[in-house]
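Structural characterization, general
Listed below, chain by chain, are the residues.
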Amino acid sequence: MCSEVITESPFAIDNISYTYSGAERASVAEVSLDVFPGELHLLIGENGAGKSTLAKVIHGLLELQEGEIRLPASLYLPQHLLSYAETDFSEYLWLYFSWKNSQVPRWSRPTTRRRILAEALNKGLGREIDASILDEAVARVSTNILHLYVSILLLSRSDHRLFLLDEPTAVLSDAEARLLFQAISAATARGAAVIMITHRIGEALEHAHRISVMRRGRISGQGPAGNFPDAQSIHPLMFGQDLRENPDSALNTSAGPSEDGIPALFEIKYLSADFPDLCSLKDVSLSLKPGEILAVSGIRDEGLEQLERLFSGRISRFRGSAEFRGQPVDLAQPSALRKIGAGIVPSQRKRYGAALSAKAWENIGISMRDEDRQGFRRSPMSPRRRFKDRVLRRYEGLELNLDVPASSYSGGMLQQLIVNREISIGKELLILSNPGWGLDPQHRERIYELIRSSAAGGAAVLLISSELDEALELGHRLACISDGRLFYPADSVRASRTAIESVFLGQWEGVEHA
């Protein structure tokens, strides 16, 4: 960690709150930060803690609802960069390098542009780049180089005093991350303030001046970096204290199905896939037996998002295989898992989980499409009203108004609708991404009981969750994913909440690899 703590009068963020439209709780609640010129300020927290929302409010991408911001104009590096695959790399980099005050950048002659960019990159990286890469199409440039070069160029801008970096090291190698921290140090040395969101705590601690930890939209701890000697001192603030007094209770102790004589229902074997905006999946293998809940947890962009894209058929090129009841399943086909009767809950519920313009009963009624001849698929001449009445009777216990458009639902209400529908569909196989996301404690527990009941009834459940508490509460078995690799913690690791938190953050000592 950086031993020098800046003592000049800080910039300030006072009592900021932000709630997304339709959300049941604030994503950012009464957050205050002191941001000092010349410092690197780490913003740390688990997925969904509110870090990225806070950065967007600070930068002005989201309107300030409550509180006060006393900060200079910022340059913001989002977690996911703009997608302009048809441009060449120099045009793409120039867009970030010369952007000013939300105005379209002034374009220079191509030769001048390449020269200026090469000079800035050479200086920021401390070595000479191969300038020919600037003429490549963006689509041909690796994701890690794309992120590294954009970050270096932004940090080289001397006309700004505040930089917001959202997970800038997520796709970088260790060597590339060191180059980025050199550029951050150069920016802070000239008096700029850098707020950096990161999950790679270990590598960032030695460079930080100050640290703030968020949990569930609030600041759970903050102070000079010297107050946080290692990652272990940060874990309780990230994940909470509620289970720490009794570490043995952290993991669901239910044994799940017997190992003896029960063949796997669903398997993937040595699966690898490349992604343009995320790290690759690397030789991922898993198997599910009837009645079993396998919880896969970790940082979302370290492998959870990739698994979800794979199972939804959004990735057409990969290596490895998948089987259901011993028969091959072509995951490159979007409908492959649906054809075998799998229920799938996506994390992006509004984008992939529902037809928002349709009525809620139409969305949930899909689960009844093949039940008998009164369903709307096999008997298209059946009266619409007759089918609607059957749907409403089936799901009357949901306490939801099903006769309104799904677009009128809050996020939590929509999640209830989707999870109930998919559990009705997936009698044998369920693939659930963050099923408790956005639910209040009462409805979350109802959903969890549905999942447990499905497993008790013989369904195989793959739980993909960025929330460690959810994975620990529901999983019969636990796997962690980091840098695209799947790991199964050893028994000694699973017995300790603290050890599991270390695994969750990519510290793999004593961990069995899948």
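The rules we used
Residues numbered from 1 in each chain as written. Predicted model: local features only at pLDDT ≥ 70, side-chain atom pairs only at ≥ 80, totals over all residues. Heavy atoms only, no water. pLDDT = per-residue confidence, 0-100. Helix = DSSP H or I, 4+ residues; strand = E, 2+ residues; numbered from the N terminus. Contact = heavy atoms within 4.5 Å. Phe/Tyr/Trp six-rings, centres within 6.5 Å; stacked < 30°, edge-to-face > 60°. Buried < 20%, exposed > 50% of the residue type's maximum accessible area, 1.4 Å probe, protein only. Axes fitted to C-alpha atoms, helices over the stretch in contact; angles between N-to-C directions. Parallel < 35°, antiparallel > 145°, perpendicular 65-115°, else oblique. Nonpolar A, V, L, I, M, F, W, Y, C, P; charged D, E, K, R; others polar. Pairing = 2+ DSSP bridges. Arc of directions from axis to C-beta.

1. Observations concerning the confidence of the model for the protein chain
Put simply, the protein chain has an average pLDDT of 79, and 80% of its residues get 70 or more. Least confident of the elements in the protein chain is strand β20 (residues 511-513), whose mean pLDDT is 49; most confident is strand β17 (residues 460-465), at 94. Long-range and interchain partners of residues 101-105, a stretch whose pLDDT sits below 50, account for four contacts in this model, where long-range means more than four residues apart. Here residues 242-258 scores under 50 on pLDDT; set against residues more than four positions off or in separate chains, the count is 31 contacts.

2. A closer look at the packing of aromatic side chains
Summed over all chains, the structure comprises four aromatic pairs. Aromatic pair Phe89 and Tyr149: ring centres 5.9 Å apart, planes at 15°, arrangement stacked. Separated by 60 residues along the polypeptide, Phe89 in helix α2 (residues 89-97) and Tyr149 in helix α4 (residues 143-155) bring together distant segments of the chain. Phe89 sits in the buried class, given a relative accessible area of 0%. Classification of Tyr149 by relative accessible area gives buried; the value is 5%. Aromatic pair Trp361 and Phe387: ring centres 6.4 Å apart, planes at 55°, arrangement tilted. Taken together, the positions of Trp361 in helix α11 (residues 360-364) and Phe387 in helix α12 (residues 384-394) put the pair 26 residues apart, joining distant regions of the chain. Under the relative-accessibility criterion, Trp361 is labelled buried at 4%.

3. Side note on the packing of helix α3 (residues 110-125) against α4
Where α3 contacts α4, the axes come no closer than 9 Å and their chain directions differ by 90°. Classified by the angle between their axes, α3 and α4 sit roughly perpendicular to one another. On α4, the residues that touch Leu117, Ala120, Leu121, Gly124 and Leu125 of α3 are Leu148, Tyr149, Ile152 and Leu153. Across the contact of α3 with α4, the residue classes tally to eight nonpolar, one polar and no charged.

4. Some remarks on the sheet that holds strand β6 (residues 162-166)
Across the sheet, six strands lie side by side as β5-β6-β7-β3-β8-β9; this open sheet has mixed pairing. Each edge of the open sheet carries a strand with a single partner, namely β5 (74-77) and β9 (218-224). For this sheet, the mean angle separating the axes of adjacent strands, direction not counted, is 15°. Here strand β3 (residues 40-45) runs beside strand β8 (residues 210-215); their pairing, made up of five bridges, is parallel. Counted as the bridge partner of Gly45 is Met214 from β8. Together, β5, β6 and β7 (193-197) form the strand contacts of α4, whose direction differs from that of β5 by roughly 175°.

5. Structural notes on α12
Buried residues of α12: Phe387, Lys388, Arg390 and Val391, and no others. Down the axis of α12, the buried set is contained in an arc of 160°. They therefore lie on one face. α12 presents Arg385 and Arg393 as exposed residues on the side facing more than 90 degrees away from its buried surface. Lining the buried residues of α12 we find α11.

6. Side note on the pairing of β9
Both β8 and β9 contribute to a ladder of six bridges, which runs antiparallel. In the strand pairing of β9, Ser212 is matched with Gln222. Here β8 hands over to β9 after two residues, with Arg216 in that stretch at a positive phi of 50°.

7. Some thoughts on the sheet that holds strand β13 (residues 319-324)
Backbone hydrogen bonds are what pair the strands of a sheet, in a parallel or an antiparallel way. Reading across from one edge, β11-β10-β13-β14 is the order of the four strands in this open sheet, with antiparallel pairing throughout. Looking at which strands have only one partner, the edges of the open sheet turn out to be β11 (281-288) and β14 (327-328). Bridge count between β13 and β14: two bridges; the pairing is antiparallel. The residue of β14 that forms the bridge with Glu323 is Pro328.

8. Quick notes on the pairing of β5
Of the two faces of β5, the one lined by Ser74 and Tyr76 and the one lined by Leu75 and Leu77 are each fully buried. Note that β5 and β6 share four bridges and pair parallel. Among the inter-strand pairings, Ser74 is bridged to a residue of β6, identified as Leu162.

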